[in-house]
Amino acid sequence: MAHLSTFADAVADLDDAEFVVLGVPFDRTTSFRPGARFGPDAIRQHSWNFESYDLETGIDLGEARIHDLGNTDEYGSAEQMVEGVRAELRPIYRAGKFPILLGGDHACAPPSVEAYPDGAPSLGVLYLDAHLDFRSSYLGDRRSHACSSRRIVEKVGAHNVVVLGVRSVSHEEVDDNRSIGMPFVTAHEVAREGIQATVQRALNMLKTERLYVSIDIDVIDPAYAAATGTPEPFGLTPRDVKYVLDQAAPRLVGLDIMEVAPPYDQGNTSALAARLAREAIVRVMASRRGR
Ligand code: MN
Ligand code: MN
């Protein structure tokens, strides 16, 4: 099955595509255990596992216009990766296409937001993560995956980012954020108040015309998504994240799924990541087609 090297149903030419998949096999800023560089190919492989018809929307993914650009080059440094990803994605946004970035560690997300064109409709970012990723710099690297929400705040503004699912932070990050004011909703709040109320609260805070969703797979509990660099207990469920995508879909213009580390996977984490990407596609199609 040679087609396993592309994302499922990615049969459209680039010019005709509505959704464009790009893999970034980069995990040089991983702080605990590496392996996310193998994420893009594992997610692609697992994406073929699913039936293409979506029971909830009546959409068949066989009708989706998806193109898979394959993987970027392997980069020697985070700075080079950032430059490379921005350059790949700028023309994708400019052509009105929807990028789906498969990581890689979470350092790969900021350039995907930074590539969004100036002057386009305003962009807010819903950032799903067990961690705050709000360090100014980590181990001397401002482009570390531990700094990704902070770099995104520098692009779109603190009030246009909400982190959802947080449960692991450093004292310094929380102190820094006191003056900067990026809102976050903890995983404990989600557990107490329910996913519907907390997602509505997060979406109401994002007053932008468009939305980008960045998924660090560690936002989901390790019981469901153990294959990641820094697994963190007390997480969201896969269904919670599905709900986020369903609710964000009407304003959604881009998505990334990061930190899937196949060396620790029995297959379920990669399958979950692939399924979430497909859920986003189907929900965006449904909302654009008025279903
Ligand atoms: Mn992260
Ligand atoms: Mn994380």
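Student: Residue-level account of the overall build of the protein chain, with values.
Tutor: Helix and strand counts for the protein chain stand at nine helices and eight strands. Its C-alpha radius of gyration of 17 Å places the protein chain within 12% of the 19 Å reference for a compact globule of 291 residues. C-alpha extents for the protein chain along the principal axes are approximately 50 × 40 × 40 Å. When the accessible surface of the protein chain is split by element, carbon and sulfur atoms take 49% of a total near 11,700 Å². Between the centroid of the 30 positive side chains of the protein chain and the centroid of its 42 negative side chains there is a distance of 4 Å.

Student: Any details on the coordination of the manganese ion (ligand 1)? Residues and values, ideally.
Tutor: Octahedral six-donor coordination of a metal ideally yields angles of 90 or 180 degrees, compared with 109.5 degrees for tetrahedral four-donor coordination. For the manganese ion (ligand 1), the full set of protein donor atoms is H106 (ND1), D129 (OD), D133 (OD) and D216 (OD), at a range of 2.1 to 2.2 Å. A gap of 3.3 Å separates the manganese ion (ligand 1) and the manganese ion (ligand 2), which D129 links by coordinating each metal.

Student: Which residues make up the pairing of strand β8 (residues 252–258), and what values do they have?
Tutor: The buried fraction of β8 is high, at seven of seven residues. Bridge analysis of strand β3 (residues 98–103) against β8 gives three bridges, and the strand direction is parallel. Across the sheet, the residue bridging to I100 is L255, located in β8. Taken together, strand β7 (residues 210–216), helix α8 (residues 238–248) and β8 form a β-α-β motif whose crossover is right-handed.

Student: Quick one: what's the story with the coordination of the manganese ion (ligand 2), residue by residue and with numbers?
Tutor: Surrounding the manganese ion (ligand 2) are the protein donor atoms D129 (OD), H131 (ND1), D216 (OD), D218 (OD) and D218 (OD), at 2.1 to 2.5 Å. Positions of the donor residues of the manganese ion (ligand 2) along the chain correspond to the pattern D-x1-H-x84-D-x1-D.

Student: Can you break down the packing of aromatic side chains residue by residue, with the values?
Tutor: Enumeration over the complete set of coordinates arrives at two aromatic pairs. On the numbers, 5.3 Å between centres and 55° between planes, the contact of F19 with F98 is tilted. In this pair, F19 is assigned in strand β1 (residues 19–24) and F98 in strand β3, connecting sequence segments 79 residues apart. For F98, a relative accessible area of 1% gives the class buried. The ring of Y264 has R33 lying over it, and the distance from NZ or CZ to the ring centre is 3.8 Å. A cation sits over an aromatic face here: R150 above F134, 4.9 Å from the ring centre.

Student: Tell me about the packing of helix α1 (residues 39–47) against helix α9 (residues 268–288), residues and numbers included.
Tutor: Running from N to C, α1 and α9 cross one another at 70°; their axes reach a closest spacing of 8 Å. By the angle between their axes, α1 is roughly perpendicular relative to α9. The segment α1 lies against α9, with A42, I43, H46 and S47 engaging S270, A271, A273, A274 and R278. A per-class count over the contact of α1 with α9 returns five nonpolar, three polar and one charged.

Student: I'd like a rundown of the sheet that holds β1, residues and numbers included.
Tutor: Strand order in the open sheet formed by eight strands is β2-β1-β3-β8-β7-β4-β5-β6, and the pairing between neighbours is parallel. Single-partner strands in this sheet number two, and they are β2 (66–71) and β6 (184–186). Averaged over all pairs of adjacent strands, the angle between their axes in this sheet comes to 15°, without regard to strand direction. Here strand β4 (residues 123–128) runs beside β7; their pairing, made up of six bridges, is parallel. Following the sheet pairing, L128 is matched in β7 by I215. In the packing of α8 onto the sheet, the strands contacted are β4, β5 (161–166), β7 and β8, and the crossing angle to β7 comes to about 165°.

Student: Tell me about the environment of V85, and please be specific about residues and values.
Tutor: Positionally, V85 belongs in helix α2 (residues 78–94). Sequence separation of V85 and C108 is 23 residues, and the distance between their C-alpha atoms is 7.6 Å. If we skip the residues at most four places from it in the chain, V85 touches V24, Y75, L101, C108, P111 and S112.

Student: An account of the packing of helix α7 (residues 195–205) against α8 is needed here, citing residue identities and associated values.
Tutor: Put simply, α7 and α8 touch, their axes get as near as 10 Å, and they point 40° apart. One way to sum up the angle between α7 and α8 is to call them oblique. Considering the relative orientation of α7 and α8, their crossing is right-handed. Counted together, I195, Q196, V199, Q200 and L203 of α7 and D240, Y243, V244, Q247 and A248 of α8 form the full contact between these two elements.

Student: Describe α1, listing the residues and the values that go with them.
Tutor: Turning to α1, its buried residues number three or more, namely G39, P40, A42, I43, R44 and S47. Those residues of α1 hidden inside the fold are in contact with β1, β2, β3 and α9.

Criteria and thresholds
The written sequence of each chain sets the order in which its residues are numbered from 1. Starting at A for chains and at 1 for ligands, labels are handed out in the order in which the entities are written. Where local features are concerned, this predicted model is filtered to residues with pLDDT of at least 70; where side-chain atom pairs are given and counted, the filter is 80 or more; whole-chain, interface and lining totals use all residues. To obtain the side-chain values, all non-hydrogen atoms of the structure were included, while hydrogens and water were left out. We count a stretch as a helix when DSSP gives it H or I for four or more residues in a row; a strand needs E for two or more, and each element gets its number in order from the N terminus. The reference for a compact globule is 2.2 Å times residues^0.38; the radius of gyration itself is calculated from the C-alpha atoms. To measure how exposed things are, a 1.4 Å probe is used in the Shrake-Rupley method; for residues, cover is taken only from the protein chains shown. Positive charges come from Lys and Arg alone, negative charges from Asp and Glu alone, with His and the N- and C-terminal ends not counted. A charge is said to be at NZ when it belongs to Lys, at CZ for Arg, at CG for Asp and at CD for Glu. Only nitrogen, oxygen and sulfur atoms qualify as donors, and only when within 2.8 Å of the metal (3.2 Å in the case of Na, K and Ca); with water excluded, sites may look incomplete. Buried means the residue's accessible area, taken with a 1.4 Å probe over protein chains only, is under 20% of the maximum for its type, while exposed means over 50%, and partly exposed covers the values in between. The pairing criterion is simple: DSSP has to find at least two bridges between the two strands. By convention, a crossover is right-handed whenever its connection, traced from the first strand over the helix to the second and viewed with the strands pointing away, goes clockwise. Here is the rule: rings of Phe, Tyr and Trp (six-membered ring for Trp) pair when centre to centre is within 6.5 Å. Planes less than 30 degrees apart are stacked, more than 60 are edge-to-face, and the remainder are tilted. Either the NZ atom of lysine or the CZ atom of arginine qualifies as a charge over a ring when it sits within 6 Å of the ring centre and within 35 degrees of the ring normal. Angles here are taken between N-to-C directions and fall from 0 to 180 degrees, while the axes themselves are lines fitted to C-alpha atoms, restricted in helices to the stretch in contact. For classification purposes, an angle smaller than 35 degrees is called roughly parallel, one larger than 145 roughly antiparallel, one from 65 to 115 roughly perpendicular, and anything else oblique. Pairs of residues are marked as contacts when any of their non-hydrogen atoms sit within 4.5 Å. We call Asp, Glu, Lys and Arg charged. Ala, Val, Leu, Ile, Met, Phe, Trp, Tyr, Cys and Pro are nonpolar, and the rest, Gly among them, are polar. Crossing handedness is read from the near helix: turned anticlockwise from the far helix by less than a right angle, it gives a left-handed crossing, and turned clockwise, a right-handed one.

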